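# Structural features, examined
Residue strings, one per chain:
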Amino acid sequence: MVVGILVVLSLALLSVYFRESSDGPLHGAQDVGATAMRPFQVGAERVARPFRDLYGWFDGLLTAKDENERLREENARLSLEATQNQTAVQENLDLKEQLDYQDLPGLEDYRSVNTRVLGEHSQFGKRLLIAAGSSDGIRLNAPVLSAGALVGAITELSPDTAVVTLLTDESSAVAAYSIRTGALGLIRSGEGGSLAFSNVTKDKDVARGDLVATAGSSVPRLPSLFPRGIPIGIVTSASQTDTEPFKQIQLVSNVNLSNLRAVTVLVR
Amino acid sequence: MSIDVLKMLALVFVAVVLQSAIVSSTEIAGATPDLLLVALVAVSLLRGAIWGAAAGFAAGLLFDTANLARLGETSLLLTVAGYWIGRYGETTGRDRTHAPLLSVAVVTILYSVGALALHVVLGDPVDAGTVLVRALIPGVLLNLLLAFPVHALVRRVLGRPEWAAQKVRLLG
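Read on for a plain summary of the structure. These numbers come from a predicted model, not from an experiment.

This part takes up the overall build of chain A. Looking only at helices and strands, chain A has two helices and 12 strands in total. Walking chain A from its N terminus toward its C terminus, one meets helices and strands in the order α-α-β-β-β-β-β-β-β-β-β-β-β-β. Across the 268 residues of chain A, 37% fall into the buried class. For chain A, restricting intrachain contacts to residue pairs at least 6 apart in sequence, the fraction spanning at least 24 positions comes to 55%. Accessible surface for chain A amounts to roughly 15500 Å². Of this, 56% is attributable to carbon and sulfur atoms.

Given below as structure tokens:
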């Protein structure tokens with residue numbers, strides 16, 4: 001009898017919560033409850049932090065030698081690229097000024113809110129709970145970055161916490177382009193938690209190693225949620241068949257999306 | 001009895017806080033341990049079906065609240081899990097040393113399948129391959145590692161169940 005009542009109560013809660021809007025009474029009560037529990041969560045996380053750091057330290061020690069060698073090589077390559085990029089950026093600015101070029105909102109038009117990841121919000125949905133919310137200026141659909149790369153967007157909001165839906169979630173879709181060729185497409189979740197660069201027509205040139213970034217949008221009716229030029233990932237494979245209208249392109253994110261501990265939310 | 005209820009609520013609250021703040025962001029071998037489920041198994045085995053179901057409902061409600069998840073979703077799954085494990089603890093699993101291990105292994109698998117089914121029914125996009133193939137076995141192993149320490153801790157807090165002191169008298 002008691003069990004039956006509890007099951008019915010759970011189903012009723014689920015049903016009402018599913019149907020009501022985000023400012024409904026159950027959502028409101030949940031926000032209050034989540035805010036009340038947050039100090040306990042933060043306290044527990046602080047207690048656990050030294051142990052996590054110790055684990056991370058040992059883990060890092062095991063991989064340090066290989067990583068050091070790889071980073072030295074990467075550093076040399078990036079130094080060369082940085083010099084080339086600085087020259088290109090300066091040329092770009094000069095040319096834009098000469099042409100009086102009207103551009104989309106860029107990263108410089110946004111302010112950053114750096115925050116901690118409190119935990120996974122859903123076992124299946126690839127969503128994270130973060131320790132900042134609307135009281136920090138965060139709005140729904142705000143882009144979320146880690147280490148300078150796009151990782152997702154804000155999809156639920158409370159005053160002190162927010163839910164980030166990662167790019168690997170099946171409901172995510174981001175307009176993107178290949179920086180090398182300008183080929184436009186959509187970033188969707190791929191097989192096994194990877195990312196796919198979809199809707200790229202076969203006449204476009206996309207190759208392994210291409211950097212893909214957010215495309216932004218200048219169409220007033222369909223403004224993009226994200227500013228143009230946020231790096232998303234690097235193409236790992238690109239192929240096409242006679243029967244498919246689009247290329248099949250896989251890419252890997254610039255950051256490890258399954259192990260995010262801190263993120264940056266862009267707000268305007 | 002009221003002290004017992006308070007102890008159970010405290011255990012559930014601590015388990016929810018630890019799960020949502022620490023354990024859920026700890027990934028080992030592609031899986032995340034479920035401390036909340038393991039703690040619920042211990043409570044259910046020690047206090048029976050009714051209290052197991054009640055603890056499951058409270059744990060689910062708190063967890064969904066803390067995570068801003070859909071209210072009622074985890075409650076539904078944990079209520080059923082708590083009831084079943086409680087029934088097992090009252091009957092077949094009574095005084096069996098391996099009961100916590102067996103219960104945790106079985107309930108982890110059933111909980112994953114149940115959660116997957118619930119998400120499908122609710123129209124969520126789910127990756128069944130990850131849940132049922134890649135993450136399930138490591139998940140079961142991680143939960144099994146937690147089973148005995150958590151059971152011992154919960155038994156220390158709640159004490160042995162009343163029925164453990166009762167002798168079974170065979171008739172005939």
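Back to the write-up after that little detour.
Right, let's talk about the pattern of salt bridges for a bit. Residues and elements named next belong to chain B. A complete count under the given rule lists 12 salt bridges over all chains for this structure. Here R47 makes a salt bridge to D4, at a shortest N to O gap of 2.6 Å. Taken as a pair, R47 in helix α2 (residues 35–66) and D4 in helix α1 (residues 2–21) lie far apart in primary sequence, 43 residues in all. Accessibility expressed as a relative area gives 13% for R47, which makes it buried.

This part takes up the side chain of S178 of chain A. All names here are of chain A. Relative to the elements of secondary structure, S178 occurs in strand β6 (residues 174–178). The buried category is assigned to S178, whose relative accessible area is 0%. Looking at S178, its side chain comes within polar contact range of the side chain of D210, at 3.4 Å. Beyond its immediate stretch of four places on either side in the chain, S178 contacts A183, F197, V206, D210 and L211.

The next point concerns the packing of aromatic side chains. Per the counting criterion, the structure on display carries two aromatic pairs over all chains. Ring plane angle 90° and centroid distance 5.0 Å describe the contact between F40 of chain A and F13 of chain B, whose orientation is recorded as edge-to-face. Remark: F13 of chain B occurs in helix α1 and F40 of chain A occurs in helix α2 (residues 25–99); the pair is interchain, linking two chains. Its relative accessible area of 46% is what places F40 of chain A among the partly exposed residues. R228 of chain A extends its terminal NZ or CZ atom over the ring of Y177 of chain A, reaching a point 4.1 Å from the ring centre.

Calculation criteria
Within every chain, residues take consecutive numbers counted from 1 along the sequence as written. Each chain is given a letter, starting from A, and each ligand a number, starting from 1, according to the order in which they appear as written. Selection of residues for local features in this predicted model requires a pLDDT of at least 70, selection of side-chain atom pairs for listing and counting requires 80 or more, and totals for whole chains, interfaces and linings are taken over all residues. Derived side-chain values reflect all non-hydrogen atoms in the structure, with water molecules and hydrogen atoms excluded from consideration. Counting from the N terminus, the helices are DSSP H or I runs at least four residues long and the strands are E runs at least two residues long. When a residue's accessible area, from a 1.4 Å probe over protein chains only, is under 20% of the maximum for its type it is buried; when over 50% it is exposed; and in between it is partly exposed. What makes two residues a contact is simply this: any of their non-hydrogen atoms within 4.5 Å. Surface exposure here means Shrake-Rupley accessible area, sampled with a 1.4 Å probe, where a residue is shielded only by the protein chains that are shown. Salt bridges are counted wherever a side-chain nitrogen of Lys or Arg sits within 4 Å of a carboxyl oxygen of Asp or Glu. Pairs of N or O atoms are called polar contacts if they sit within 3.5 Å, as long as, within protein, a hydrogen donor faces a hydrogen acceptor (for residues adjacent in sequence, only side-chain-to-side-chain pairs). Each pair of aromatic rings taken from Phe, Tyr and Trp, with Trp reduced to its six-membered ring, is defined by centres within 6.5 Å and is described as stacked if the planes are under 30 degrees apart, edge-to-face if over 60, and tilted in the remaining cases. Over a ring means this: the NZ of a Lys or the CZ of an Arg is within 6 Å of the ring centre and within 35 degrees of the ring normal.

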